[in-house]
Each structure stands twice: as structure tokens, then as C-alpha cells.
Amino acid sequence: MSESTAIRAVGISGSPSATSKSRALVEYALTQLARRGAATRLIDLATLPANGLLGRATTPPVAAALDAVMGARVVVAGTPVYRATYSGLLKVFFDLLPQDSLAGKIGIPIVTGHGSAHSLAVDYGLRPLFASLGAVVVAGAVYGTDEQFPDGQPGPELLRATDRAVGEALSLVTVAGD
């Protein structure tokens, strides 16, 4: 698949930490998408200008990130759980996307939290966030706990869950005719 015909996939890291567990899973998902022929890009929200993210000013880096999301066919969004839901960084970024801007796109939600008690943040937080902008969300979202990151790296169970989510997203793209 050439770059011009490749499925475009964007990963959004909604963590303020460059070494976050959710970012590691987003990067892994993008690697798996690239291995299957997708053209990928990582957007690290923590590196974008605050004035642009808060909608106070138009900034080229935020505009480019929004354009990348709107031009992608698969959108992977990763976030740690903060106060029972996704991060504020992810919230302000998604707030900048126009209504229905994810229509026809496939969303892969990735959430990490301390323990299993926060696993519902996927279904009550990130899944509705994607759907509110029109995305079709994979059934096999990814939730990872601290104990699933031995030595700070995603364990085999999490990698398999991410592989399944990526496979499902690509199947949905294929079914939709791309």
C-alpha cells in the first residue's frame, strides 16, 4: 500500500506525561497499524500550545493536529483516568473538533488507571466522547491497570488487547469500503 493510498491513522496521547502508560499503548497501536500498511502520526497533546488548546488563539501546531485527526480514517485516543474519566487535555482537544468531524472514522479508545475500579471510564467516558463526534468505536476498547505494566512496559495481555482493537478497526475500515 503506497503512502497516498494507505489508511491514515492518528494516535492522540492525552496524558501530560511523556512517559505515561496510555501513551505507550497508543504508540504500540500506531506501530501495529503501520505494520499493516497504515500511514501513522502521533499527536502528543502535552506538547501543544495551551492558548491553542484552550481556543484562546489559533496556533499552527494545534491547527495541524486538528487537520490530522480530521484527515485520518482511524483515530486512537489514549488517556489516563483522572477523577473517574479522561484527562482535561483530551477534553479540550476534542472540544475543538467540529460537530460530526469523526463521522465515518473508526475510534480506538485506550485508557489506563491504577486498578480495575476505573475500567468503566472507557464505556462512560471515552466511548461516548468518540460517539459524540460521530465515530464508530471498536467494541474491543483497551483498559490497562498498573499491574499490567511489569517493569513499566505493557504486558502480553495488554498487547494482545491492543492487537485485537487494531484488527477490529482495520476490519471496520475494510467493511466500510476503504
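Residues numbered from 1 in each chain as written. Predicted model: local features only at pLDDT ≥ 70, side-chain atom pairs only at ≥ 80, totals over all residues. Heavy atoms only, no water.

Notes on the side chain of serine 22
For step 1, the next point in the chain: Here serine 22 lies in helix α1 (residues 21-35).
For step 2, the next point in the chain: Discounting residues that sit within four places of it in the chain, serine 22 has contacts with Ser15, Gly78, Thr79, Pro80, Ile110 and Thr112. (Helix = DSSP H or I, 4+ residues; strand = E, 2+ residues; numbered from the N terminus. Contact = heavy atoms within 4.5 Å.)

Some thoughts on the packing of aromatic side chains
For step 1, the next point in the chain: Across all of its chains, the model carries one aromatic pair by this definition.
For step 2, the next point in the chain: Ring geometry for phenylalanine 94 versus phenylalanine 130: centroids 5.7 Å apart, planes at 85°, classification edge-to-face. Placement of the pair is phenylalanine 94 in helix α4 (residues 88-96) and phenylalanine 130 in helix α5 (residues 121-132), with a sequence separation of 36 residues.
For step 3, the next point in the chain: A cation sits over an aromatic face here: lysine 21 above phenylalanine 149, 5.9 Å from the ring centre. (Phe/Tyr/Trp six-rings, centres within 6.5 Å; stacked < 30°, edge-to-face > 60°. Lys NZ or Arg CZ within 6 Å of the ring centre and 35° of its normal.)

Points about the pattern of salt bridges
For step 1, the next point in the chain: Across all of its chains, the model carries five salt bridges by this definition.
For step 2, the next point in the chain: Measuring nitrogen to oxygen at the nearest pair gives 3.8 Å for the salt bridge that ties aspartate 146 to lysine 21. Residue aspartate 146 is found in the loop between β6 (142-145) and α6 (156-175), and its partner lysine 21 is found in helix α1; the two are separated by 125 residues along the sequence.
For step 3, the next point in the chain: A salt bridge links aspartate 44 to arginine 23, with the nearest nitrogen and oxygen atoms 2.5 Å apart. (Salt bridge = Lys/Arg side-chain N within 4 Å of Asp/Glu carboxyl O.)

Here we look at unusual backbone geometry
For step 1, the next point in the chain: We note that arginine 83 has phi near 50°; this positive angle belongs to a residue other than glycine.
For step 2, the next point in the chain: Assignment of secondary structure puts arginine 83 in the loop between β3 (74-80) and α4.
For step 3, the next point in the chain: The phi angle at aspartate 100 is positive, at roughly 65°, despite the residue not being glycine.
For step 4, the next point in the chain: Tracing the chain through its elements places aspartate 100 in the loop between α4 and β4 (106-113).
For step 5, the next point in the chain: Judged by its relative accessible area of 49%, aspartate 100 is partly exposed. (Buried < 20%, exposed > 50% of the residue type's maximum accessible area, 1.4 Å probe, protein only.)

Some points on the environment of alanine 161
For step 1, the next point in the chain: When you line up the elements, alanine 161 lands in helix α6.
For step 2, the next point in the chain: Expressed as a C-alpha distance, the spacing of alanine 161 and glycine 134, which sit 27 residues apart in the sequence, is 24 Å.
For step 3, the next point in the chain: Ignoring sequence-local partners within four residues, the contact set of alanine 161 consists of Gly140 and Val142.

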